[in-house]
Protein chains: 2
Amino acid sequence: MRARVFVTLKPSILDPQGKTILGALRSLGYGAVEDVRQGKFFEIDVAAGSAGEARSLAAEMADRLLANPVIESYRVEVEEPGRT
Amino acid sequence: MRARVFVTLKPSILDPQGKTILGALRSLGYGAVEDVRQGKFFEIDVAAGSAGEARSLAAEMADRLLANPVIESYRVEVEEPGRT
């Protein structure tokens, strides 16, 4: 089963990388861009009996390793096999 | 309007960072994890008249700056205001 963990900086945390990308997009002529924030995500293939089990495993991994809960928040999605 | 661009390495490209995370998760006791791939994503606030316009702008930005089309693929999602 595949779980996806999306990790973003909390809204109160400055994102200098996003600001740099914002500047680069504007200098390419994309004046309509108002803000950019960058995050990361993880596609995790996990052997789990149910979507709920995969979700709780992925959330635990995010808490322990993938995200820094002081400055980042995360969201977990589980892709159930046989659904597209 | 907010567009999200998800960038992943193409399946044929090795992902050493993902393998490192896989090893770290296994050493933390998560033996059920079979594979990990890491990607990045961008939340882009853009002034656009329609979701379609925001989507095509975001795709163009992904092509020109955010993704390396030789080794990466991307997917664009647009969050329409007033929908949750």
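Residues numbered from 1 in each chain as written. Chains lettered and ligands numbered in written order. Predicted model: local features only at pLDDT ≥ 70, side-chain atom pairs only at ≥ 80, totals over all residues. Heavy atoms only, no water.

J.: I would appreciate a short explanation of the interface of chain B and chain A in the present structure.
T.: Interface size, as often reported, equals the accessible area lost upon joining of the parts. Counting residues at the interface gives 30 residues for chain B and 30 residues for chain A. Here chain B packs against chain A, burying approximately 2900 Å² in sum over the two surfaces, 65% of which is carbon and sulfur. Across the chain B-chain A interface, the total number found is 14 residue pairs in polar contact (both at pLDDT 80 or more). At the level of secondary structure, the elements contributing two or more residues to the side of chain B that touches chain A comprise strand E1 (2-9), helix H1 (16-27), strand E2 (33-46) and helix H2 (51-66) of chain B. The biggest single contributor to the side of chain B that touches chain A is E2(B), with 14 residues. Taken together, the residues of the side of chain B that touches chain A break down into 19 nonpolar, three polar and eight charged. In the sheet, strand E2 (residues 33-46) of chain A pairs with E2(B) via 13 bridges, with the strands oriented antiparallel. (Contact = heavy atoms within 4.5 Å. Buried area = accessible area lost by both parts, 1.4 Å probe. Polar contact = N/O pair within 3.5 Å; in protein donor to acceptor, adjacent residues only side chain to side chain. Helix = DSSP H or I, 4+ residues; strand = E, 2+ residues; numbered from the N terminus. Nonpolar A, V, L, I, M, F, W, Y, C, P; charged D, E, K, R; others polar. Pairing = 2+ DSSP bridges.)

J.: What is the right way to look at the environment of Ser12(B) in this model?
T.: Residues and elements named next belong to chain B. Structurally, Ser 12 is set in the loop between E1 and H1. Taking the relative accessible area as the measure of exposure, Ser 12 reaches 66% and is therefore exposed. Along the primary structure Ser 12 and Ala 51 are separated by 39 residues, whereas in three dimensions their C-alpha atoms are 32 Å apart. (Buried < 20%, exposed > 50% of the residue type's maximum accessible area, 1.4 Å probe, protein only.)

J.: Any chance you could explain the sheet that holds strand E1 (residues 2-9) of chain A here in plain terms?
T.: Sheet strands line up and pair through hydrogen bonds in the backbone, either parallel or antiparallel. A sheet is described by the order of its strands in space; here six strands give the open sequence E3(A)-E1(A)-E2(A)-E2(B)-E1(B)-E3(B), paired in antiparallel fashion. The strands lining the two open edges of the sheet, one partner per strand, are strand E3 (72-79) of chain A together with strand E3 (72-79) of chain B. Strand-to-strand twist of the sheet, defined as the mean angle between neighbouring strand axes without regard to direction, takes the value 25°. Judged from the eight bridges that link them, E1(A) and E3(A) form a sheet pairing that is antiparallel. Counted as the bridge partner of Leu9(A) is Glu72(A) from E3(A). Its contacts with the sheet put H2(B) on E2 of chain A together with E1, E2 and E3 of chain B, and the angle it makes with E3(B) is roughly 155°. (Axes fitted to C-alpha atoms, helices over the stretch in contact; angles between N-to-C directions.)

J.: Can you help me understand H1(B) in this one?
T.: Each α-helix turn comprises 3.6 residues. Residues three or four places apart therefore point the same way. The end-to-end C-alpha distance of H1(B) is 17 Å, a good match for the 16 Å that 12 residues give at a rise of 1.5 Å each. Within H1(B), the full set of buried residues consists of Gly18(B), Ile21(B), Leu22(B) and Leu25(B). For H1(B), the buried positions fall inside an angular range of 105° around the axis, keeping them on one side. Among the exposed residues of H1(B), those pointing more than 90 degrees away from its buried face are Pro16(B), Thr20(B) and Ser27(B). Those residues of H1(B) that are buried lie in contact with E2 and helix H2 (51-66) of chain A together with E2 of chain B. Where H1(B) ends, the next residue or the one after it, Gly29(B), has phi of about 105°, a positive value. (Expected span 1.5 Å × (residues − 1). Arc of directions from axis to C-beta.)

J.: Please explain the packing of helix H1 (residues 16-27) of chain A against H2(B) as it appears in this structure.
T.: Each pair of packed helices can be summarised by the angle the axes make with each other and by the distance between the axes. Running from N to C, H1(A) and H2(B) point in directions that differ by 105°, and their axes come no closer than 11 Å. The orientation of H1(A) with respect to H2(B), classified from their angle, is roughly perpendicular. Residue-level inspection shows Ile21(A), Ala24(A) and Leu25(A) of H1(A) in contact with H2(B), the latter providing Met61(B), Leu65(B) and Leu66(B). The residue inventory of the contact of H1(A) with H2(B), partitioned by class, reads six nonpolar, no polar and no charged. (Parallel < 35°, antiparallel > 145°, perpendicular 65-115°, else oblique.)

J.: Mind showing me how you'd approach the relation of the copies chain B and chain A here?
T.: In summary, the two copies of the chain are related to each other by a rotation about an axis coupled with a shift along it. At an RMSD of 0.0 Å, chain B and chain A line up after a rotation of 180° and a shift of 0.0 Å along the axis. The symmetry that links the two subunits is that of a two-fold axis. Within chain B, Lys40(B) has its C-alpha nearest the rotation axis, a separation of 2.0 Å. Counting the interface residues of chain B, we find that 100% of their copies in chain A are interface residues as well, pointing to one common contact surface. (Least-squares fit on C-alpha atoms with pLDDT ≥ 70 in both.)

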